[in-house]
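Here are the chains, one letter per residue:
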Amino acid sequence: MTWPPRTLAIAWAALLGLLSLTVFLAYQPLGAFNLWVALAIASAKALIVAAIFMELRERSGLVIVFAAAGFFWLALLIWLAGIDFVSRPQFPPPAI
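This report concerns the structure included in the present document. All values derive from a computational prediction rather than experimental measurement.

## Side note on the pattern of salt bridges
In total, this model carries three salt bridges according to the counting rule given. A salt bridge links Glu55 to Arg59; the nearest nitrogen and oxygen atoms lie 3.0 Å apart. Notably, a salt bridge pairs Glu58 with Arg57, separated by 3.7 Å at the nearest N-O pair.

Put into structure tokens, the structure is as follows:
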């Protein structure tokens, strides 16, 4: 049996730790701060996955720029969808 490289084991442990932190904090009364904590933890998980499993830490600068552009585009689309959702009138309209 071969063991996984040390970096993969550390990344796996970090992702499991962040998952347990997410579950723990989901049941804590953080109020409006809950969203920002969840987004920070999700960003940390995404950075670990991008650096380790997508192997971006071993790639050239151009590959990293294109990966960052993809993440920027995803963030822009999520932001625009959120703005669209918030700016719409109540649906379905209230009954008369």
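## Concerning the environment of Ser20
Locating Ser20 in the fold gives a position in helix H1 (residues 6-26). Residue classification places Ser20 among the partly exposed positions, given a relative accessible area of 42%. Sequence separation between Ser20 and Trp79 is 59 residues; the distance between their C-alpha atoms is 27 Å. A distance of 2.8 Å separates the side chain of Ser20 from the backbone oxygen of Gly17, its partner in a polar contact.

## Some words on the nonpolar core
Side chains that are nonpolar tend, in soluble globular proteins, to be buried together. If you look at the biggest cluster of nonpolar residues, it comprises seven residues: Ala11, Leu18, Leu25, Val37, Ile41, Ile48 and Ile52. Each residue touching Val37, except ones within four places of it in the same chain, is listed here: Leu25 and Leu30.

## Looking at the packing of H1 against helix H2 (residues 33-53)
Taken N-terminus to C-terminus, the directions of H1 and H2 make an angle of 165°; their axes are 10 Å apart at the nearest point. The orientation of H1 with respect to H2, classified from their angle, is roughly antiparallel. Here H1 and H2 pass one another in a crossing that is left-handed. Contact residues: H1 offers Thr7, Leu8, Ala11, Ala14, Leu15, Leu18, Leu19, Leu21, Thr22 and Leu25, while H2 offers Asn34, Val37, Ile41, Ala44, Lys45, Ile48, Val49, Ile52 and Phe53. Class assignment of the residues belonging to the contact of H1 with H2 gives a composition of 15 nonpolar, three polar and one charged.

Analysis parameters
Residues numbered from 1 in each chain as written. Predicted model: local features only at pLDDT ≥ 70, side-chain atom pairs only at ≥ 80, totals over all residues. Heavy atoms only, no water. Salt bridge = Lys/Arg side-chain N within 4 Å of Asp/Glu carboxyl O. Helix = DSSP H or I, 4+ residues; strand = E, 2+ residues; numbered from the N terminus. Buried < 20%, exposed > 50% of the residue type's maximum accessible area, 1.4 Å probe, protein only. Polar contact = N/O pair within 3.5 Å; in protein donor to acceptor, adjacent residues only side chain to side chain. Core = buried A, V, L, I, M, F, W, Y, C linked by side-chain atoms within 4.5 Å. Contact = heavy atoms within 4.5 Å. Axes fitted to C-alpha atoms, helices over the stretch in contact; angles between N-to-C directions. Parallel < 35°, antiparallel > 145°, perpendicular 65-115°, else oblique. Left-handed = near helix turned anticlockwise from the far one by under 90°. Nonpolar A, V, L, I, M, F, W, Y, C, P; charged D, E, K, R; others polar.

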